[in-house]
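One-letter residues, chain by chain:
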Amino acid sequence: FDEPKDQHIILDLNHGNNSKAYEATFQVVNEKTIQGVRRVNGWAKDRSIFYYAEFSEPFSDITASIDEKEIDKIQSGEGKKIILAVNFRKPVKEIVVKVGISMVSEEGAKKNFLAEANDKTFEQIRKEGFEVWNKELARVKINASEKDKRVFYTSLYHALVVPNIFNDVDGNFRGIDNQIHNCGEDSHYALFSLWDTFRAAHPLYTVIEPERNEAFVRSLIDKWKRLGHLPKWELHSNDTFCMIGYHAIPVIADAYMKGQRNFDVKEGLKAIAFTSEDEYYDGVALIKKYGYIPADMDTRTVAKALEYAYDDWCVAQMAKEMGEKDIYEKAIVRAQYYKYYFDPTDNFLKGRYSDGKFHSENFDPTAVYHHGKGYYVEGNAWHYAFFVPQDVNTHIDMIGGDEAYVNKIDEMFEGENLGEQADDVV
């Protein structure tokens, strides 16, 4: 503090990152400690964050604003909108606040605090964090300029921030069924933004974090058992159902195919095989009927179907390796459904209607679609023109052979990038 007068610290239990609390509580534990919970609805529904906050200096009293009503010298409270001013007995230059959090309970928050922060100084915790991250980042060593090292290791740090350990120090965690479970000596992970990570981040984990990657798979299988299907985009033990594809499938299959099998592999195959036919995922019912997703019956059809086809190929590979012929034969057929979208007149993968016709009128391969009623997701026809990683050689033949394929790639990279947002209408 620069000034010795009117020292206080604000604890705002309402404000959040794109979320507002629908309920919050606080209780004074002693002259240095406050505990409570903040419950919010946002991207992930019904999140509970319990906290146990300890101040390095004793406070004299707390002034609270509870649902716009100001109350002095209060010991506890609850409401939708709570903002606290923690006032201190004597002026000091520096106050340290240490906060334990839990998604399970106030008791869990206190246990986490006592185990991880209780008697440690800020400098000790900073040093521990440095050592942990240095160990993780040192899994990859590069020879490069200082500038390039900074860029590389910053990117690697970003790649390793999530998924997060979601259990308390005693093993308790809030499952995707919103019930409390215990993972024992294992770790339970949350925040699987799978559409963002299945292409590159998770394959990276299989290389530099194989044991942790197996724990990721165990956590996904746990969610499958409690949810009834693999999550699409899991956050804070909620399936946000965001984006497209069923990309928990390649995460599980990739681990298995690379020999990282410290999980229930039979349950893993059961989970991915069921999920690949589960109509919980939008468009799957239409695929079962037509072999493709008609553009006049659904949205983002090309992107969905191409990514489903790749995921289905992953199911086929794991099933084949495990000797499950029936699962393999069904999945490998679906892995070729990308062919329904191939228009031989211009070699693009396009939206196709229920009458079999392609979206050809006013077709602009550079038009970028975001989340509306378009054919692609956060991209355009060029971005998805080559998304057939499971069957590249066949795709090359469909375009006309190696030379024609190379020319198509050159056309993409050398062409003018208009980058305009499409109207997102079919």
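These lines cover the structure that appears in this document, whether it is placed above or below. Per-chain numbering applies: the sequence of each chain, read as written, is numbered from 1 onward. Per-residue local features of the predicted model are confined to residues with pLDDT of at least 70, and side-chain atom pairs are confined, for both listing and counting, to 80 or more; whole-chain, interface and lining totals are unaffected and use all residues. Note: side-chain values were computed over all heavy atoms of the structure, leaving out hydrogens and water.

## Concerning the pairing of strand S7 (residues 76-79)
Two faces, one strand: in a regular strand the side chains alternate between the faces of the sheet. Rules: Note on classification: 1.4 Å probe, protein chains only; a residue is buried when its accessible area is under 20% of the maximum for its type, exposed when over 50%, partly exposed between these limits. In this description a helix means any DSSP run of H or I spanning at least four residues, a strand means any run of E spanning at least two, and both kinds are numbered starting from the N terminus. Strand pairing is assigned whenever DSSP identifies at least 2 bridges connecting the two strands.
Across the two faces of S7 the burial differs, with Gly 77 and Gly 79 buried and Ser 76 and Glu 78 not buried at all. Pairing of strand S2 (residues 20-30) with S7 involves 4 bridges; the strand directions are antiparallel. Counted as the bridge partner of Gln 27 is Ser 76 from S7.

## What about the packing of aromatic side chains?
A ring pair, where both rings are aromatic, is described by two values, the distance of the centres and the angle of the planes. As a reminder of what qualifies: For Phe, Tyr and Trp, where Trp contributes only its six-membered ring, two rings pair if their centres lie within 6.5 Å, and the inter-plane angle classes them as stacked under 30 degrees, edge-to-face over 60, or tilted in between. Both a distance and an angle decide whether a charge sits over a ring: NZ of Lys or CZ of Arg must be within 6 Å of the ring centre and within 35 degrees of the ring normal.
Applying the stated criterion across every chain yields a total of 29 aromatic pairs. With centroids separated by 4.8 Å and ring planes inclined at 85°, the aromatic side chains of Tyr 189 and Phe 216 adopt a geometry described as edge-to-face. Taken together, the residues Tyr 189 in strand S13 (residues 189-190) and Phe 216 in helix H6 (residues 210-227) connect sequence positions 27 residues apart. Looking at Tyr 189, the relative accessible area reads 5%, which means it is buried. By way of ring pairs, the aromatic residues Phe 198, Tyr 310, Trp 313, Tyr 369, Tyr 375, Tyr 376, Tyr 384 and Phe 387 are connected into one cluster. Lying over the aromatic face of Phe 241, Lys 232 brings its terminal NZ or CZ to 3.8 Å of the ring centre.

## Considerations on the sheet that holds S7
Definition in use: Lines fitted to the C-alpha atoms define the axes, with helices restricted to the stretch that makes contact. Angles between their N-to-C directions range from 0 to 180 degrees.
Strand order in the open sheet formed by 5 strands is S7-S2-S3-S4-S9, with antiparallel pairing between adjacent strands. The open sheet has two free edges, formed respectively by S7 and strand S9 (97-102), since each of these has just one partner strand. On average, each strand axis in the sheet is inclined to that of its neighbour by 15°, with strand direction left out of account.

## Section: a nonpolar patch on the surface
Short version of the rule: For patch building, the residue pool is restricted to those with more than 30% relative accessible area and no salt bridge; the joining distance is 9 Å between like charges and 5 Å between nonpolar side chains (Val, Leu, Ile, Met, Phe, Trp, Tyr). With residues, only the protein chains shown are counted as cover, and all accessible areas are computed by Shrake-Rupley using a 1.4 Å probe. Salt bridge, as applied in this entry: a Lys or Arg side-chain nitrogen positioned within 4 Å of an Asp or Glu carboxyl oxygen.
On the surface, a nonpolar cluster with roughly 240 Å² of combined accessible area is contributed by Val 97, Val 99 and Ile 101. With respect to the secondary-structure elements, Ile 101 resides in strand S9.

## So, the packing of H6 against helix H8 (residues 265-275)
Put simply, the rule reads: Reported orientations rely on four angle classes, namely roughly parallel under 35 degrees, roughly antiparallel over 145, roughly perpendicular from 65 to 115, and oblique for the rest. With the far helix as reference, a near helix turned anticlockwise by less than a right angle produces a left-handed crossing, and one turned clockwise produces a right-handed crossing. It only takes one pair of heavy atoms within 4.5 Å for two residues to be counted as in contact.
The geometry of H6 relative to H8 is characterised by a closest axis approach of 10 Å and an angle of 60° between their N-to-C directions. The angle between H6 and H8 places the two elements in the oblique class. Here H6 runs over H8; the crossing is left-handed. Here Ile 221, Trp 224 and Lys 225 of H6 lie close against H8, whose contacting residues are Glu 267, Gly 268, Lys 270, Ala 271 and Phe 274.

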